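Geometric and topological summary
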Amino acid sequence: MYSSYEKIPIQLPQRIYVFLLALLCAFFLIAARLWYLQVIKGGSFAEQSKNNRQRTVSVPPARGIIRDRNQVPLATNRPAFNIQMYLQEVTEVDATIEHLADILDVSPDDLHHQLHKQGGPRFRPRVLVRDATREQVERVLSRRLSLPGISVSHYPIRFYNEASLAAHVIGHIREINKAELIQPDFRGYYQRGDVIGKYGLEDTWELYLQGRRGRNSFLVNAHSVKIQDLSDQTKAIPGNILQLTIDRDIQQAADRALSGKSGAIVALVPQTGEILALSSAPNFDPNIFTGELTKAQWEALSQGKERKLSNRAVQSVYPPASLFKTFLGVAGLEEGLITKKTTEYCPGYHTVGDRTFRCHKHDGHGAVNLEMALSVSCDVFFYILGQRLGIDRIHEYGSKFGLGKATGLELVQEASGLIPSTEWKQKRYAGTPESRWFPGETPSVAIGQGATSATPLQLAVAMSALVNGGTIYRPYLVQGVYSHDGKTEKDSFRPKMLSQLNVEKKHLMQVQNALKSVVHGKRGTGKLAQLPKEWNISVGGKTGTSQVVSLHSKTEKREHEHHALFAAFAPSEAPEIVVVAVIEHGGSGGIAAAPVVRQVLEAFFVKSRALSVPPAVRHPEDVNT
Amino acid sequence: MIQEVKTFTKSLDWILIMLVGILPVIGLAVLYSASFDPDIEHRFFFWSFNSHLVFRQLNYFLISLVFMFIVASIPPRLSYRFAHVAYASALLLLLSVLVYGTISNGSRRWLHLGFINLQPSELMKVGVILALARYLSRVPPKDGLYTCKELFMPACIVLLPMLVILRQPDLGTALSIGAIGASMILFIGVKRSVLFGLSIFSTIGGAVGWLWFLHPYQKKRILTMFNPEADPRGSGYQIIQSKIAVGSGELFGKGYLEGSQTRLEFIPERTTDFIFSVFAEEWGFLGSMVILGLYLLLLFRLLTQSTKAKEYFGVLVTVGVVGMIFFHVFVNLGMVVGFLPVVGLPLPLMSYGGSSLMTTFFSIGLALSVTAQRSVFSYR
C-alpha cells in the first residue's frame, strides 16, 4: 500500500524547473505592470492622487453696500442660513427627508423637489431649504444627532434696510440664470446660485458691487470630509461701497408723498444735477427678490396693471402740459417776440383758421402779461406766443432745455419723450397727407399737449437749467465709489455739464421771477406749494394738468382723469432744490401735485436748515404721512 | 529525547522559516500605516500606537507561528494516513456552513463555534492538498502522464469542494482550490489530448458559468476590470483608486505613513485585500520589487527544497502549497495593479486577517514537515 507513497516516479528536478520558470514569468508580469504604473505613468498618477484629495471651494463675496449721501445704509447684507444635505453621509435619503420635513413642518415633496433640482458632484451639498428662518435652523440644530448628513450653512444675503425706499433707484438682484451663465463677459466669474443685479443701480453698477470671489482649498478624505485647510487660501473681497446722491430723508418724504398714488417725484440739486430723491409709485420691496420668487409673485410685479417695476420718473412720459409754458416764455423773450411787459387779451378762447382753442378758464383771463400768464396759466397767451414762434422754434427751445432726448442717467432704459417739429412729422407720417405740419397743430404743442411728452426727470433737468443760469447737467445718482472698508475712494463723480442754453440770463431771471408768482401770487395756481410762512422761504413753480383723453370724450372714469404735474424750485431767488412731481390721474396740478412737491421741499429744508414744520400749518393731506 | 528534538529542529528549513517570518513583519508595518488613526492611541512602554489592528494581527501571527511548528513536527506518514479524513471533515464543515453559517458581505462563509470563528473554506484548501497528494501518490498515471479516465477521481476531489464554496458564494477561494488541484496534477503531467480537451471544456464551462453561476456582482467586477473608468463611482472605484495609489508611489514611494490615498481612506479594503496598494504607494517601485522578490524567494525555496522530501506524497503536498500561495499572491497583486478582476483574495502573509494567515502558516508547516528529519517520530 505504501509502495507508491515511497517512490518518486518522475524526474523531479525537470518538473521543478518548469514550475520555477512559470513562477518567474508570472512575477515578471507583475513587475512589468508595476514598472508601467509607478515609473512610466507615475507622474500622472501622482497628479491624480493630489486632485483626489484636494478640493477648492470658492467663497462668494459679500455684495457692496449702497448708502445715501450721508452714509445711511440703504442696501446691505444679512446672514442667511441654508439647510443642506450631504448625499454621501446619508444612507436613507427618503427617510431622512421625511424626518426633516416632519421637524421643519414642511411637505416632504417640497424637499424632494429641491433635492432633485440640484445636480453636480456628490460631495457638493444639496440645499434643501434656502434662507431658512431662525426657528427652522434652531429646530434642525437641536436634532442634529438624529439627522446625519444634514447641516446648516450660512452666507451673506442682500438686505434692503429701508425695504421699498428708493426701490426704483436701488433696484434688485436675482439668482443668475442659465443664459447669463454662458454669456462671454460673465463666464468664469459667476457660478450657479450666484446673484447678479437685475434692475436699477444693482444692475448698472454690478461690476463694482459684485466683489471678488475667494478660494478655499482643503484636503478631504474619500468621504469628502474636510480634513485640513491648505495654505492656498484667498479671502473673498466684498464689493465696493456705492455712495449715492440720494438723501434718505428727502427720498422718504417723496416716497410717502406718493404712497397710495401712482406717479413720480424727482428732486435735483439744480447747480449740479445730483439727484436727491427719485421716487416712483407704486413701488415694491426689493427684499422679496432675494428669496425664491413664485411665478405668481413675479407676474404680479412685472405684468400687473400697476406696473410696479416701471420707473415712472425716467421710463414714463407725460405731456408736460402747462409746465411747458415756462420754456415757451423763455423762447419768446429770447427771440424778442415778447417782453415782460407785452400783454395779450384772453377772451377764454383762441381761433386758428376754423379751429377754436379753449383757455382752461372759459370766461377768459382778460389782459395778461408773461408773469400773469404763467401765474394763472393762461392758455391763450401761449397759443398766441406759440403761433408766433412756430413749431420749429418751439422744438428748438424745447430741445435746448433737454426735452425730447434721454438725459443720460445711468439707471434703466430711459424714455426720450418728444417735442414735435416739422421734421419729426415728415418722418413720422412720411408719404401720407399727414406729413405736413398744419399751423392749427401748433397751439396744442405750445401748451405742452398734443404729441409733446417728457419724463419727470427731463422736466426737472430743464427746470434746473432755468434756475441755474442756463446749464443742462447730466443728472446722476452715484457720488462716489469706496472700497469695502470705506477707506479708499476708488472713484468720484463730478457734475457733468451737457450743454448750455445760450440764453440771456436776464430772460431766464424774468421767467424765474414770474414762476414765484405761481406759488405766491394772488391768482397763482400753485399756492398749495407754499412753505410755512415762519420759514420765510419763497417757492417758484409751475403747475401742469395734462389731458389723458380729449376733453369731449372724457368721462368720470379714473383713467380718464388728468395727470397732475408740478415743478418747483426753492428758495425762489437762489434755488437749492428743484422738485418735479407727476401724479397720474391726479386731476389738477395745482391741487394734486403742488402739495406733494411741498412735502418734499419741507423735508429738504427741515434737514438743510434745521427747521421744523409748525403744527398750525399742517395740511390735511399730511395726516397720513 | 532532547537529542531527537535537536535533530528535528536542526533539520528544519530555517531559510524558509525566515522568509515566511519576514513577510508578516513587513505586513504588520504596512498594516499599521493602513489602519493608522490619530484618534486611537495605544501605549506600549514608551511607544504609542495609533491602531487596533496591528495588535490583533500580531496575536494571529504569533499563534500561527506556533501552529506552523506544531504542524511541521507531524510526520508525513500521519498526514498521509489521515489525509482523506481531514478532507472529509473539512467538506462536512463546509456543507454545514451553507446551513448554519453567518452572512457577511453578502456571502455565507463563517461558522461560529462558540469560542472560535471558523472559515471552513480555508481548512478545505489544506484538506484538498492532503487528499489530492495522497490520491495522486497512490495512483500514479500508468504511462507517466494522466489520461482523462485516470483524472476522474482527482477531478472529483477538487471540484466537489469548489462547487460547495461557489454556493457561498466565494469565487476567489473556489478558484484557489482549483489552482491547487491544477498545479498538483500538472506537476505530474497530463496527456496533450487531455490538455486540449480541457481547454475546450473550460471555455464551454466558462461560458456556462458566466450565464448561470456567476453572480451579477462578480460579472460586474470582471467587466469593470476591462474598463474601470466606465463606472468610476461604483464598481470601478476600487480599481481606479488602487491604481492611483500604486502609480502615485512612483519610483521611491511617498514615505512611510505618508500615503495620501491610504491616509484619506481612498483605498477600500486597504487593510485586507488591497494592502499591497498601501505598501506600493508608500514605498514605490523599489519597495514593491523587494516584496515581489521575497515572495519569489519563498516559492523558489519551497519548490527546490521539496526534492529533499523522502516521499512522493511530500513533494506533492509542497507543490500544492506552492500552487496555493502562488495563486493568492498572483491574483491579489494582479487585482491591485489592475489587470485581474477584483475577486477578493487576501495577500498571503501580509493582509490583515487570522484565517488567511493561519492557513498559510499551516500549509508552510506541512511543507516543513516533509523535509524535516526525525528518528523517533519516523515510522521506520
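Each chain carries its own residue numbering, running from 1 in the direction its sequence is written. Labels follow written order: the first chain is A, the first ligand is 1, and so on. It should be noted that, the model being predicted, local features are given only for residues of pLDDT at least 70 and side-chain atom pairs only at 80 or more, the latter also being counted only at that level, while totals for whole chains, interfaces and linings use all residues.

**Observations regarding the overall build of chain A**
- Put simply, DSSP H or I for four residues or longer makes a helix, DSSP E for two residues or longer makes a strand, and each gets a number counted from the N terminus. A count of helices and strands for chain A gives 21 helices and 23 strands.
- Of all 625 residues assigned to chain A, the portion counted as buried reaches 42%. Any residue surrounded by 20 or more other C-beta atoms within 10 Å of its C-beta is treated as buried, while 12 or fewer makes it exposed and the intermediate range makes it partly exposed; C-beta atoms here are placed from the backbone.

**Concerning the overall build of chain B**
- Of regular secondary structure, chain B possesses 14 helices and 5 strands.
- By the convention adopted here, residues make contact when the C-beta atoms placed from their backbones lie within 7 Å. Sequence separation of at least 24 residues holds for 72% of the intrachain contacts in chain B that already meet a minimum separation of 6.

**Structural notes on the nonpolar core**
All names here are of chain A.
- Linking buried Ala, Val, Leu, Ile, Met, Phe, Trp, Tyr and Cys residues through C-beta atoms within 7 Å yields a set, and such a set is a nonpolar core. Core analysis: the biggest nonpolar cluster contains 130 residues, and Ile 265 and Val 600 have the highest contact counts within it.
- Each domain span listed reflects an automatic or database assignment of domains. When residues of this core are assigned to domains, at least three map to each of domain 1 (57–244) and domain 2 (248–283 + 312–481 + 493–622).
- Those residues in contact with Ile 265 that sit more than four places away from it in its chain are Ala 254, Ala 257, Leu 258, Ala 277, Ser 279, Val 579, Ala 581, Val 596 and Val 600.

**Points about the interface of chain A and chain B**
- Tallying the contact residues gives 37 residues for chain A and 43 residues for chain B.
- At the level of elements, helix H1 (3–6), helix H2 (12–40) and helix H3 (42–53) of chain A are the ones that each hand at least two residues to the side of chain A that touches chain B.
- Ranked by residues supplied to the side of chain A that touches chain B, first place goes to H2(A) with 17 residues.
- Residues are grouped as follows: Ala, Val, Leu, Ile, Met, Phe, Trp, Tyr, Cys and Pro are nonpolar; Asp, Glu, Lys and Arg are charged; all remaining types, including Gly, are polar. When the residues that make up the side of chain A that touches chain B are grouped by side-chain class, the tally is 23 nonpolar, 8 polar and 6 charged.

**Focus: the pairing of strand E11 (residues 263–268) of chain A**
Residues and elements named next belong to chain A.
- Taking burial as the measure, the 6 residues of E11 include 6 buried ones, the bulk of the element.
- Covered by surrounding structure in E11 are Gly 263, Ile 265 and Ala 267 together with Ala 264, Val 266 and Leu 268, the residues of both alternating faces.
- Only when DSSP finds a minimum of two bridges between them are two strands counted as paired. Alignment of E11 against strand E12 (residues 275–281), held across 6 bridges, turns out to be antiparallel. Within E12, the residue paired with Gly 263 across the bridge is Ala 281.
- Between E11 and E12, which pair antiparallel and follow one another directly, the connecting turn spans 6 residues, one of which, Gly 273, has a positive phi of 90°.

**Here's the deal with the packing of helix H14 (residues 323–334) of chain A against helix H20 (residues 505–520) of chain A**
Residue and element names in this part refer to chain A.
- Where H14 meets H20, the closest approach of the two axes is 9 Å, and the angle between their N-to-C directions is 145°. Between H14 and H20 lies a crossing of right-handed hand. Within the contact between the two elements, H14 uses Thr 326, Gly 329, Val 330, Leu 333 and Glu 334 and H20 uses His 507, Leu 508, Gln 510, Val 511, Ala 514 and Leu 515. Axis lines are fitted to C-alpha atoms, over the contacting stretch for helices. Their N-to-C directions set the angle, which ranges from 0 to 180 degrees. We call a crossing left-handed when the near helix sits turned anticlockwise from the far one by less than a right angle, and right-handed when that turn is clockwise.

**Concerning H20(A)**
Residue and element names in this part refer to chain A.
- Given the number of residues in a helix, its expected span is that number minus one, multiplied by 1.5 Å. Over its 16 residues, H20 extends 23 Å from the first C-alpha to the last, a length consistent with the 22 Å expected when each residue adds 1.5 Å.
- Buried residues of H20: His 507, Leu 508, Val 511, Gln 512, Ala 514, Leu 515, Lys 516, Ser 517, Val 518 and Val 519, and no others.
- The inward-facing, buried residues of H20 contact H14, helix H15 (370–376), helix H19 (456–467) and strand E21 (540–546).

**Re unusual backbone geometry**
Residue and element names in this part refer to chain A.
- At the junction of Ala 281 and Pro 282, the peptide bond is cis and its omega measures out at 0° in the coordinates.
- Turning to its location among the elements, Pro 282 is positioned in the loop between E12 and helix H12 (295–303).
- Ala 570 connects to Pro 571 through a cis peptide bond whose omega is -15°.
- Within the secondary structure, Pro 571 is located in the loop between strand E22 (563–570) and strand E23 (577–583).
- In this model, Asp 105 sits at a positive phi of 60°, which is unusual for a non-glycine residue.
- Within the secondary structure, Asp 105 sits in the loop between helix H4 (93–104) and helix H5 (108–117).
- Asp 105 sits in the exposed class, given 9 other C-beta atoms within 10 Å.

**What about helix H11 (residues 248–257) of chain A?**
Residue and element names in this part refer to chain A.
- Counting buried positions along H11 yields 7 of 10 residues, so the element is predominantly enclosed.
- Those residues of H11 lying buried are Arg 248, Ile 250, Gln 251, Ala 253, Ala 254, Asp 255 and Ala 257.
- On its buried face, H11 sits against strand E3 (73–85), E11, E12 and helix H21 (589–608).

**Quick notes on the sheet that holds E23(A)**
Residues and elements named next belong to chain A.
- What the 5 strands build is an open sheet, ordered E12-E11-E23-E22-E21; its pairing is antiparallel. In this open sheet, the two strands that pair with only one neighbour each are E12 and E21. Across the sheet, the axes of successive neighbouring strands diverge by a mean angle of 5°, strand direction being ignored.
- Alignment of E11 against E23, held across 6 bridges, turns out to be antiparallel. Opposite Leu 268, over in E23, you have Val 578 as the bridge partner.
- Relative to the sheet, H11 contacts E11 and E12, its axis offset from that of E12 by approximately 25°.
- Along the sheet, H14 contacts E21 and E22; its crossing angle with E21, the most-contacted strand, is approximately 120°.

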